[in-house]
Amino acid sequence: MEAYKVLGVPDTIYYISNFITRDEEIEIISKVNNAPKPKWTQLSNRRLQNWGGVPHPNGMIAEAVPQWLRNYMDKIEMTGLFSDKTKLNHVLVNEYTPGQGIMPHLDGPLFYPTVTTISCGSDTVLNFYCSRDSSSHIHSENNKFENGDHKLNKQYSLLLERRSLLILQDDMYKKYLHGIDEVDSDVVTDSIANLKQIDGQYAIGQKLIRDIRISLTIRHVPKTSKLKLNFLR
Ligand SMILES: O=C(O)CCC(=O)C(=O)O
C-alpha cells in the first residue's frame, strides 16, 4: 500500500486510481439505480442508501449485504488494512447530482477509524478542514449534522476520480473534517495533494464539469447485533 500513500498530507490517505474497471462502475451505478425505492433516504441536499444495516449510536442491527456489493468489499479487504475482527460490514451509498455536496464533517466514533470510498460516475474534489471544535461536526446516525463552530479552514484537497478508491485513517479520519462543495464544476489546482497519483491527464486550471456521482463509503461498524425475532420462539 505504500505506493498509494498520498504524500504532503498528515497520516494517512491512500488513493488508488482505477480501483474498479469501467464494467464494474457500470454495474455499481445500475444496481444502485435499480434498488427498490424505499431503500433511498432523501436528504435536503442528496439521496443515500444504507446496506448492511443502519448505524446507530447503540449499535447496528446487521443485515446481509448483497453479493454484488460484497465482491467490492472483498476487493478492498485485499489491501490488508482490515483484520477478521474489522471486516467491512456496512456501505453508505451517496448520490450527488451536479451542484450537490456534503458539509464538512467527521465520521465519528460509530465506525472503526478507517473509511474507504469508491467513486462512480463523476470526478469530484474532496476538501479537508481543521476545526477549532471538531466534536460539533460529527455525523449523527442519520446523516444530519450538528453544527456548532463554523470556523473551518480548508487545509487540503484531493481529486477523486471516478473508479478510484480512497482510504482515510489516523488523523485524516479523526481530526480533519471532510466535505464536498455544492458546485457544478471543480477546478484542478496545484494544491490538489494527490495530483501525482491520478491516472487521468489533467491540466492545472482545467475545469471538471460534474456529472451524477455515486459514492460507496464502505466501513466496519464494530457494534452490531442480529435482530432477534421473538415471535418465532
Ligand atoms: O461521497 C463522498 O466521497 C464522501 C461521503 C462522506 O463523506 C460520508 O458519507 O460520510
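To be clear, the structure that these remarks concern was listed above.
The rules behind each value
Residues numbered from 1 in each chain as written. Predicted model: local features only at pLDDT ≥ 70, side-chain atom pairs only at ≥ 80, totals over all residues. Heavy atoms only, no water. Pairing = 2+ DSSP bridges. Helix = DSSP H or I, 4+ residues; strand = E, 2+ residues; numbered from the N terminus. Axes fitted to C-alpha atoms, helices over the stretch in contact; angles between N-to-C directions. Buried < 20%, exposed > 50% of the residue type's maximum accessible area, 1.4 Å probe, protein only. Phe/Tyr/Trp six-rings, centres within 6.5 Å; stacked < 30°, edge-to-face > 60°. Lys NZ or Arg CZ within 6 Å of the ring centre and 35° of its normal. Salt bridge = Lys/Arg side-chain N within 4 Å of Asp/Glu carboxyl O. Contact = heavy atoms within 4.5 Å. Expected span 1.5 Å × (residues − 1). Arc of directions from axis to C-beta.

> Sorry if this is basic, but what is going on with the sheet that holds strand 7 (residues 114–120) here?
As summarised here, the arrangement of the seven strands in space is 1-10-7-14-5-3-2, forming an open sheet in which the pairing is antiparallel. The strands lining the two open edges of the sheet, one partner per strand, are strand 1 (13–16) and strand 2 (40–42). The sheet shows a mean angle of 20 degrees between the axes of neighbouring strands, direction not considered.

> Would you explain the pairing of strand 1 in this entry?
Put simply, side chains in a regular strand alternate between the two faces of the sheet. Side-chain alternation along strand 1 places Ile 13 and Tyr 15 on one buried face and Tyr 14 and Ile 16 on a second face that is also buried. Strand direction decides the pairing type here: strand 1 and strand 10 (residues 165–169), joined by four bridges, are antiparallel. Opposite Tyr 15, over in strand 10, you have Leu 166 as the bridge partner.

> Honestly, the sheet that holds strand 9 (residues 152–160) in this entry has me stumped. Any pointers?
The pairing of strands in a sheet comes from backbone hydrogen bonds and takes either a parallel or an antiparallel form. The four strands lie next to each other as 6-11-8-9, forming an open sheet whose pairing is antiparallel. The sheet terminates laterally at strand 6 (102–105) and strand 9, the two strands that pair on one side only. The sheet shows a mean angle of 25 degrees between the axes of neighbouring strands, direction not considered.

> Before we go on, may I ask you to explain unusual backbone geometry in this structure?
Glycine aside, residues mostly have negative phi angles, and peptide bonds mostly take the trans form. Residue Thr 12 is reached from Asp 11 by a cis peptide bond, and omega for that bond is -10 degrees. By the secondary structure assignment, Thr 12 is in the segment before strand 1. One non-glycine residue, Arg 163, lies in positive phi territory at about 75 degrees. Residue position: Arg 163 is located in the loop between strand 9 and strand 10. The phi angle at Asp 170 is positive, at roughly 55 degrees, despite the residue not being glycine. Locating Asp 170 in the fold gives a position in helix 3 (residues 170–174).

> In this structure, what is going on with the packing of aromatic side chains? I would like to understand it.
The geometry of an aromatic ring pair comes down to the distance between the two centres and the angle between the two planes. Following the criterion strictly, the structure yields three aromatic pairs and no others. Ring geometry for Phe 82 versus Tyr 112: centroids 6.3 Å apart, planes at 55 degrees, classification tilted. Here the residue Phe 82 occupies a position in the loop between helix 2 (67–77) and strand 5 (90–96), and Tyr 112 occupies one in the loop between strand 6 and strand 7, the gap between them amounting to 30 residues. Aromatic side chains Tyr 156 and Tyr 176 sit 5.8 Å apart centroid to centroid with 65 degrees between the ring planes, which places their arrangement in the edge-to-face category. Of this pair, Tyr 156 sits in strand 9 while Tyr 176 sits in the loop between helix 3 and strand 11 (177–180); the two residues are 20 residues apart in sequence, bridging distant segments of the chain. Accessibility expressed as a relative area gives 21% for Tyr 156, which makes it partly exposed. If you follow Arg 47 out to its NZ or CZ, it ends over the ring of Trp 40, 3.6 Å from the centre.

> How should the pattern of salt bridges be read in this particular structure?
This model, assessed by the stated rule, comprises 12 salt bridges. In this structure, the salt-bridge partner of Asp 181 is Lys 154, at a minimum N-O distance of 3.5 Å. Note that Asp 181 is positioned in the loop between strand 11 and strand 12 (185–187) and Lys 154 in strand 9, a separation of 27 residues in sequence. When its relative accessible area of 47% is taken as the criterion, Lys 154 is described as partly exposed. When salt bridges that share partners are traced, they join Arg 70, Asp 74, Glu 77 and Lys 87 into one network.

> Quick question: what am I supposed to make of helix 2 here?
Two residues of an α-helix separated by three or four positions point the same way, owing to the 3.6 residues in each turn. Residues of helix 2 that are buried include every one of Trp 68, Leu 69, Arg 70, Tyr 72, Met 73, Ile 76 and Glu 77, and no others. Elements in contact with the buried residues of helix 2: helix 1 (22–33), strand 3 (47–51), strand 5, strand 7, strand 10 and strand 14 (213–219).

> What am I meant to see in helix 1 here?
For helix 1, which comprises 12 residues, the first-to-last C-alpha distance of 17 Å matches the rise-based estimate of 16 Å (1.5 Å per residue) to within 8%. Within helix 1, the full set of buried residues consists of Glu 25, Ile 28 and Val 32. Seen end-on, helix 1 carries its buried residues on one side only, within an arc spanning 65 degrees. Turned more than 90 degrees away from the buried face of helix 1, the exposed residues are Arg 22, Asp 23 and Ile 26.

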